[in-house]
Amino acid sequence: HHHFDHAGGNEALKARWGCEIVGAANDAARIPGIDRQVGDGDNFLFGGVTVQVLEVPGHTSGHIAYYLPSEGIAFVGDTLFVLGCGRLFEGTPAQMWHSIGKLMALPDSTVLYCAHEYTQSNARFALSVEPDNAALVARSAEIDALRDKGQPTVPTTVAREKATNPFVRATSLALQRTLGMEGAAAVDVFTETRRRK
């Protein structure tokens with residue numbers, strides 16, 4: 001997406017390495033140095049590997065993710081984090097919920113590379129809304145141990161996020177109870193979870 005911490009070095013990288021900048025067609029005006037414009041469902045080759053483009057608006061209106069099915073990995077930018085999701089700078093909660101659903105529809109074994117190491121902070125929030133989630137409690141302890149050693153918590157997997165990330169767990173009865181929203185529509189539960197964060 002167009003935020004400086006993601007695209008600010010595009011032109012310097014292209015000048016140094018002669019690389020091709022691939023970015024969202026619907027946000028091309030804000031992607032510095034863009035050479036190839038792509039949209040949802042498009043494919044391109046990167047080092048001989050097929051990359052599928054997923055439009056995942058919410059954090060920004062033109063956010064995309066890259067899924068490499070043969071490798072079982074996806075680069076999700078600021079749409080999804082370990083135990084979290086991006087702020088809604090330009091999109092709506094419904095858009096972000098739909099985008100997260102696209103990512104959670106990938107195979108459970110898919111390895112997700114997000115763009116920031118916000119995991120400890122995300123874990124504290126996640127525990128505040130799902131304190132009795134045993135998988136989350138264990139994951140939080142694992143995260144603290146990793147960070148104490150200076151180790152990263154990224155990447156994660158679709159399966160791990162389904163079990164522990166409150167932003168993908170809007171149908172969890174325990175989460176709904178904490179929020180006082182039992183039986184509410186998933187998008188409404190997601191919206192309230194994001195509001196509380």
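The preceding data block contains the structure.
First, a word on scope: everything that follows refers to the structure included in this document. (Residues numbered from 1 in each chain as written. Predicted model: local features only at pLDDT ≥ 70, side-chain atom pairs only at ≥ 80, totals over all residues. Heavy atoms only, no water.)

Details of the sheet that holds strand 6 (residues 73-77)
Taken in spatial order, the six strands line up as 3-4-5-6-9-10 in an open sheet, and their pairing is mixed. Each of the sheet's edge strands pairs with one partner strand only, and the pair in question is strand 3 (43-46) and strand 10 (156-157). Judged from the three bridges that link them, strand 5 (residues 64-68) and strand 6 form a sheet pairing that is antiparallel. Residue pairing for strand 6: tyrosine 66 is matched across the bridge by phenylalanine 75. Running over the sheet, helix 3 (residues 93-104) touches strand 4 (49-55), strand 5, strand 6 and strand 9 (111-114) and is turned about 155° from strand 4. (Pairing = 2+ DSSP bridges. Helix = DSSP H or I, 4+ residues; strand = E, 2+ residues; numbered from the N terminus. Contact = heavy atoms within 4.5 Å. Axes fitted to C-alpha atoms, helices over the stretch in contact; angles between N-to-C directions.)

Side note on the state of the cysteines
Scanning the model with the defined rule gives zero disulfides in all. Its sulfur unpaired, cysteine 85 is 12 Å from the next cysteine sulfur, which belongs to cysteine 114. Under the relative-accessibility criterion, cysteine 85 is labelled buried at 6%. Cysteine 114 sits in the buried class, given a relative accessible area of 12%. (Disulfide = S-S within 2.5 Å. Buried < 20%, exposed > 50% of the residue type's maximum accessible area, 1.4 Å probe, protein only.)

Some remarks on the environment of aspartate 188
Its location among the elements puts aspartate 188 in helix 8 (residues 186-196). Sequence-wise, aspartate 188 and alanine 134 are 54 residues apart; in three dimensions their C-alpha atoms are separated by 24 Å.

Some thoughts on the layout of surface pockets
Looking at the largest pocket, its volume works out to about 900 Å³. In terms of lining residues, the largest pocket is bounded by 28 residues, among which His6, Asn10, Val22, Tyr66 and Phe75 are the most central. Here the lining of the largest pocket takes four residues from strand 5, the largest share from any one element. In terms of residue class, the lining of the largest pocket is built from 20 nonpolar, seven polar and one charged. Its volume calculated, the second largest pocket comes out at about 270 Å³. What lines the second largest pocket is a set of 15 residues, and nearest its centre among them are Phe81, Cys85, Gly86, Arg87 and Tyr118. Here the residues of the lining of the second largest pocket sort into four nonpolar, six polar and five charged. (1 Å grid on protein atoms, 1.4 Å probe; cavity = no way out; pocket = protein on both sides within 12 Å on 5 of 7 lines; lining within 4 Å. Points joined across faces, edges and corners; volume = space filled by probe spheres on them. Nonpolar A, V, L, I, M, F, W, Y, C, P; charged D, E, K, R; others polar.)

Side note on the pattern of salt bridges
Overall, the coordinates contain 13 salt bridges when judged by the stated rule. Aspartate 27 is the partner of arginine 30 in a salt bridge, and the nearest nitrogen-oxygen pair spans 2.6 Å. Here the residues in one salt-bridge network are Asp27, Arg30 and Glu90, joined through shared partners. (Salt bridge = Lys/Arg side-chain N within 4 Å of Asp/Glu carboxyl O.)

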